[in-house]
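# Notes for the structure review
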Amino acid sequence: MITYEEKFDIIVVGAGHAGCEAALACARMGCKTLLLTSNKETIAQMSCNPAVGGLAKGQLVKEIDALGGEMGFITDKAGIQFKTLNKKKGPAVWSSRAQCDRVLYRVYMRESLENQKNLWLKQAIVTEVLIDNGKAKGILTNINSAYLSDVVILVCGTFLNGLIHIGLENFPAGRAGEFPSLTLSDKLKEYGFEVGRLKTGTPPRLDGKTIDFSKTIPQYGDENPKPFSLKTKKLPERHYLCHLTHTNGETHKIILANLDRSPLYSGVIKGIGPRYCPSIEDKVVKFRGKPRHQLFLEPEGENTTEYYVNGFATSLSEDVQLKAIRTVSGLEKVEMTRPGYAIEYDFFPPTQLNPTLETKLVENLFFAGQINGTSGYEEAGAQGIMAGINAVLKLRKKPPFVLKRCEAYIGVLIDDLVTKGTKEPYRMFTSRAEHRLVLREDNADQRLLEYGYKFGLVSEKIYLEFKKRKGIIENEKKRLKKVKVSVSVFGKLTEDMENHKRVSLAYALKIPDITYKDLAKIDKDSKEVPQRIAEQVELEIKYEGYIKRQNQEIEKFKRLESMLIPPDFKYDELTGFKHEAKEKLKDVNPISVGQASRISGVSPGDIAVLMVHLKKFLSK
Amino acid sequence: MKKNFKSTSLDEDTIAAISTPLGEGGLGVVRISGREAFVIADKIFRGKVKPSKAPSHTVHYGKVVVLNTDEEIDEVLLTVMHPPKTYTKEPLVEISSHGSSFILYKILNQAKEAGARLANPGEFTLRAFLNGRIDLAQAEAVAELIKAKTDLSLKVALSHLKGELSFKLNSFRENLIEILANLEVQIDFPEEDLEPKDKEYILKELDNIKGGIDKLLDTYDEGKILKDGLRVVIVGKPNVGKSSLLNALLKEERAIVTPVPGTTRDVISEDANFKGVPVRLFDTAGFRVSKDTIEAEGIKRTKLEIGKADMILWVVDASSGLDKDELELEKQIESFKHVVVLNKIDLGSEDSISKLLDRFENKIYKEICAIKREGIEDLIDAVAKEAITFDRDANGDVVLSNFRHKDALLRSKEGLSKAKKSLTEKLSLEFIALDLRIALDAIGEIIGKTVTEDILNKIFSDFCVGK
């Protein structure tokens, strides 16, 4: 064994979406960081569809950005179409999404990494985490080189014992065209980690030259899109189209006739797949009554003719894939450039983690991303930055950084993972967030930017801009509440308004059909404000009632969250718990009474008992 | 970290509970603890002093009224206690009233309406402990006590949740999950080609659930007694003074009182309030085995009323002995809860009275003179006391668990109403979902938590989503 001469503070194993955020956070906070990847050409690879954001995911990206992460910034640079989803609904569920140029994305991310101070980027295949006396102390590569560090962050995506299936053929791989990591998870299993198996899939890629787009429905992006990142001054002028087409009865017939050659239906695949991202064979089998399924043709980038067929994830054999896809309108003569495939991979059930993403079993070893059973670039990136920040805080013996469920989707994500675990690849939905009315994209900076600045991840410039923006918003809100106008200026009156002669502008803004723009017409003192500010003022006033209500709930919620349970609090000798509750509490080892209350099988009675014992423990 | 615990309790909700065993004493106590205790007391108490203005550890005479009205519930003694010298070390109010659980529930209910939350099992003790009122050495004992109380409460709740009730609550939950899945799928999967249920369907479903909850609310025992009152039936042979007794009990001339026997041929009913116990009094036709068809019809009705009675007042003329008809009547009421009322006590000779007293030695009896309204208060006391015994049979714990269920169902209903309103006003789906989650969580308090995962499961089983 050769040991590399220099010791690092932190080693990050894997340069996917979690790894890049983790490594950048560590380096930016001033730690000597080594980022290892098995292939320097596929850093920040978008293994699935070439898009970032979407429902609840857009929120995650904005949160990462507010904390000083990179994903939003790179998305803005590599974006080829931008769109806000759910625009017809309320602002809490507006979500941004960008189609990206897959190659540009990884090029720009590598550029960020390579130019980052304190960051070493190397290509190596890691085979083992070196553990000494219950503490991580470095890693070993397949050519027997050891790199030493105080902290190891493992972010290996689907590479752990990855097994690709196409039809009844299967072979080990990290993802299509890359080496898997075959020993890393086995070694950790030997050490005592519990390992599970998940599955995910991806659709075939098509040659755009062979698609008849005239038979499809074009899908446009927004005309004046907003960037994801506070760092982005101007979005690139790229407006690519996506195209919508559909499967039909013929497609379904071919798929149903060939299920015996599907690894999913012949029982070859054992891992559990995501229900929100079903393969086309799953859709056809489970919803037989549905005459057609949507397929979105998404361009892979500027300098390629390849298209991604979103909605057609499959592990059917290659010939069946081609036969089926050629029944689709516009794809009759299509050429497949890469077949779709399913991949099975190892993950570590995340209840083995503390909310800092450090493993309970091995000190200074952190897990983030798909290895924790999540799916999605945004979920991975969010964990990456949190693992990175916490790794540094741990090194510096500072208190951990755990976001509450009421503060951020990131808080919901990590709390769900470490408290409840997951049985299928975990994806964020807005419905998972009980306080979603306040976890909006537009206020991600208000919720999180102070943290990012405090950790040194957000620049002084961005921070000052934020402060200024915040001041303008507050003043404008106050002004709208103060300025009164005669109700006669409004064309039609609501029932409520008929009782008033004069109302405040804020009052008027709460009327469903009246917008901030409308106010400008009757408001003499109105000044032109940037769109971002106008939007936030408008919706904070418009939805004030609901926001207030949610904030009251949050206050209640915080009470239990702020009752912290010290790590050395032991459950064994304690009386008054139900047996099941005690086992679960021991297992999860929650950091707060609030977290304890969310463990399934722990009742309000158990929580009362826990508070009694905790009080005694803390008074000692 | 220690600081967290010290400040915790004062941030919490104000809690209220009946803190005396139900149906076992002449007096009962409703206890209110927490930051808002005095404010809440102000809202429901009418006396010389406002509880919030009263010095610590003082007792005040007054009455508890229905919130925002002057409608009296009961005469009470209210004790104001300022922290830290209280059981919970929080602001504490204790309201002593008559021991009838009807009254206690009414008071508790008003405390709830005024802003208190129903206390969880053992919660007063928990607060006492967390706030340092109970020695740390007692932690294990306190933990065990909370567990015992929680277990008991759970057991009672479960015993109650068998059959129809649990079936209904589960079906409400299923319906709500379905509606939520229909809304959430539109929020989280906006680009999918879906056919979610339309607004009309959802409004209709919400109405159905609301209607179902209303029906359930009607069936709750203490609801029924509070609404209909204790059925007290006055019986006796003709002309013993039943109607005079009714009038005396009502303190007004309601029934026609004449010396002609058999004047009351119909059943007359009136509502009264005996020491806070709502009572419905039924005056019946004189009981006489008769050939008169109209009277015979009256007797039939009397028997019917006896069958439905919670308690019977059997009026006997103290100035004469029991006759054949009365012996027959005694047989009819034997198996029902009854009080013998010796009327016209002023007219009876010492001899006849002592004979009757011997005869009724083993029964509850009261001596009165209805015309002169003597002994009436005594009789009212006796009936109110019987009402308490009636509670005990109904099992205090079951009533308590009912009260919790009812509270949860009311909150669920409120959530449904708000959701309906938002839906009608065309608000965006996430606002409707917010209130529906509240409605669902309230039902979950009775039959077990519903988690996001349940809604996601429904989405994935009913809708083909995902790309």
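Residues numbered from 1 in each chain as written. Chains lettered and ligands numbered in written order. Predicted model: local features only at pLDDT ≥ 70, side-chain atom pairs only at ≥ 80, totals over all residues. Heavy atoms only, no water.

## Things to note about the overall build of chain B
What counts is decided by this rule: A helix here means a DSSP run of H or I that spans at least four residues, while a strand means a run of E at least two residues long, and both kinds are numbered starting from the N terminus. The contact criterion used is simple: two residues touch if any of their non-hydrogen atoms lie within 4.5 Å. Using a 1.4 Å probe, accessible areas were evaluated by the Shrake-Rupley method; residue-level cover was limited to the displayed protein chains.
Within chain B, the regular secondary structure consists of 16 helices and 13 strands. Relative to all contacts within chain B whose residues are 6 or more apart in sequence, the contacts with residues 24 or more apart total 69%. As presented, chain B carries roughly 21200 Å² of accessible surface, and 52% of it is formed by carbon and sulfur atoms.

## Things to note about the environment of B:Thr20
Residue and element names in this part refer to chain B. To keep things clear, this is the line we draw: A simple rule labels every residue: compare its accessible area, found with a 1.4 Å probe on the protein chains alone, to the largest value its type can have, and call it buried under 20%, exposed over 50%, or partly exposed in between.
Along the chain, the position of Thr20 falls in the loop between strand E1 (15-18) and strand E2 (27-33). Overall, Thr20 belongs to the partly exposed group, its relative accessible area being 22%. Remark: the alpha-carbon pair of Thr20 and Val30, spanning 10 residues in sequence, is separated by 7.7 Å. When neighbours within four sequence positions are excluded, Thr20 is seen to be in contact with Leu27, Gly28, Val29 and Leu104.

## Digging into the domain arrangement of chain B
All names here are of chain B. The following threshold applies: The domain boundaries here were taken from an automatic or database domain assignment. Note on definitions: buried area is the accessible-area loss of two parts on being combined, 1.4 Å probe, summed for both.
The domains assigned to chain B are domain 1 (2-135), domain 2 (164-219 + 397-462) and domain 3 (226-388). Measuring from the centre of the C-alpha atoms in domain 1 to the corresponding centre in domain 2 gives 33 Å. Across the contact, eight residues belong to domain 1 and six residues belong to domain 2. Of the roughly 690 Å² buried between domain 1 and domain 2, counting both surfaces, carbon and sulfur atoms make up 65%.

## Observations regarding the domain arrangement of chain A
Domain annotation of chain A identifies domain 1 (205-344), domain 2 (474-545) and domain 3 (563-619). The distance between the C-alpha centroids of domain 1 of chain A and domain 3 of chain A comes to 47 Å.

## Comments concerning the pairing of strand E8 (residues 230-235) of chain B
Residue and element names in this part refer to chain B. Heads up, the condition is: A pair of strands is considered paired only if DSSP assigns at least 2 bridges between the two.
Burial runs high along E8: five of the six residues are buried. Both E8 and strand E11 (residues 311-317) contribute to a ladder of four bridges, which runs parallel. Bridge pairing in E11 links Val235 to Trp314.

## A closer look at the sheet that holds strand E5 (residues 72-81) of chain B
All names here are of chain B. For clarity, the cut-off: Inter-axis angles, ranging from 0 to 180 degrees, are taken between N-to-C directions of lines fitted to C-alpha atoms, where helices are fitted over the stretch in contact.
Spatially, the seven strands line up as an open sheet ordered E3-E4-E5-E6-E2-E1-E7, and their pairing is mixed. Looking at strand neighbours, the two that pair on one side only are strand E3 (45-47) and strand E7 (117-118), the edges of this open sheet. Lying on the sheet, helix H2 (residues 37-44) is in contact with E2, E3, strand E4 (58-65), E5 and strand E6 (92-98); it crosses E3 at an angle near 70°.

## Topic: the interface of chain A and chain B
What counts, and what does not: By definition, a salt bridge exists where a carboxyl oxygen of Asp or Glu is found within 4 Å of a side-chain nitrogen of Lys or Arg. The term polar contact refers here to a pair of N or O atoms within 3.5 Å; inside protein, the definition further demands a hydrogen-donor-capable atom paired with an acceptor-capable atom, and it admits residues adjacent in sequence only when both atoms are side-chain atoms.
Each side of the interface is counted separately: chain A has 59 residues, and chain B has 55 residues. At the boundary of chain A and chain B, one finds eight salt bridges. In this structure, B:Asp13 and A:Arg559 form a salt bridge, with 3.6 Å as the shortest nitrogen-oxygen distance. Applying the counting rule to chain A against chain B returns 17 residue pairs in polar contact (both at pLDDT 80 or more). Elements supplying a minimum of two residues to the side of chain A that touches chain B: strand E5 (79-85), strand E17 (294-299), helix H16 (544-561) and helix H19 (604-619) of chain A. A per-element tally of the side of chain A that touches chain B places H19(A) first, with 11 residues.

## A look at empty space enclosed by the protein
Rule in force here: Any residue with an atom within 4 Å of a point lines the site, the site being either a cavity, points on a 1 Å grid over the protein atoms alone where a 1.4 Å probe fits but cannot get out, or a pocket, an open set with protein on both sides within 12 Å along at least 5 of 7 lines. Grid points are joined across faces, edges and corners, and a volume is the space filled by probe spheres set on the points. The residue classification treats Ala, Val, Leu, Ile, Met, Phe, Trp, Tyr, Cys and Pro as nonpolar and Asp, Glu, Lys and Arg as charged. All others, Gly included, are polar.
A full pass over the atoms with the stated rule returns seven cavities of 30 Å³ or more. Lining the second largest cavity are A:Lys283, A:Lys290, A:His293, A:Gln294, A:Phe296, A:Gly311, B:Glu192, B:Asp193, B:Cys464, B:Gly466 and B:Lys467. Among the residues forming the lining of the second largest cavity, the class breakdown is two nonpolar, four polar and five charged.

## Let's talk about a nonpolar patch on the surface
Test applied: Patches were defined on residues exceeding 30% relative accessible area and lacking a salt bridge, with like-charge contacts within 9 Å and nonpolar side-chain contacts (Val, Leu, Ile, Met, Phe, Trp, Tyr) within 5 Å.
Residues B:Val59, B:Tyr61 and B:Leu77 make up a contiguous nonpolar surface patch of about 310 Å² in total accessible area. In this structure, B:Val59 sits in strand E4.

## Re the packing of aromatic side chains
Residues and elements named next belong to chain A. The line we're drawing: In this analysis, rings of Phe, Tyr and Trp, with Trp reduced to its six-membered ring, are considered paired at centre separations within 6.5 Å, and the interplanar angle assigns stacked below 30 degrees, edge-to-face beyond 60, and tilted for intermediate values.
Inspection of every chain in the model, using the stated rule, returns 22 aromatic pairs over all chains. With a centroid separation of 5.5 Å and an interplanar angle of 75°, the aromatic rings of Phe8 and Trp120 are classed as edge-to-face. Taken as a pair, Phe8 in strand E2 (residues 8-13) and Trp120 in strand E7 (residues 119-123) lie far apart in primary sequence, 112 residues in all. Residue Phe8 is classed as buried on the basis of its relative accessible area of 1%. Taking relative accessible area as the criterion, Trp120 reaches 29% and is therefore assigned partly exposed. Seen from their ring centres, Tyr463 and Phe466 are 6.3 Å apart, and the 40° between their planes marks the pair as tilted.

## Some words on the state of the cysteines
Note on terminology: a disulfide is the covalent bond linking the sulfur atoms of two cysteines. Residue and element names in this part refer to chain A. The following threshold applies: Note on terminology: pairs of cysteine sulfur atoms within 2.5 Å are recorded as disulfides.
Going through the model one piece at a time under the given rule, you end up with zero disulfides over all chains. Cys26 provides the cysteine sulfur closest to Cys20, a residue in no disulfide bond, and the two sulfurs are 12 Å apart. Cys100 takes part in no disulfide bond, and the closest cysteine sulfur, belonging to Cys242, lies 11 Å away. Residue Cys100 is classed as buried on the basis of its relative accessible area of 0%.

## Structural notes on the side chain of B:Asp74
All names here are of chain B. Mapped onto the elements of the fold, Asp74 is located in strand E5. Classification of Asp74 by relative accessible area gives buried; the value is 4%. Only 2.9 Å separates the side chain of Asp74 from the side chain of His98, close enough to count as a polar contact.

## Thoughts on helix H9 (residues 242-250) of chain B
All names here are of chain B. Along H9, nine of the nine residues are buried, which leaves the element largely enclosed by surrounding structure. Along H9, the residues classified as buried are Lys242, Ser243, Ser244, Leu245, Leu246, Asn247, Ala248, Leu249 and Leu250. Residue Lys251 follows H9 closely and has a positive phi angle near 60°.

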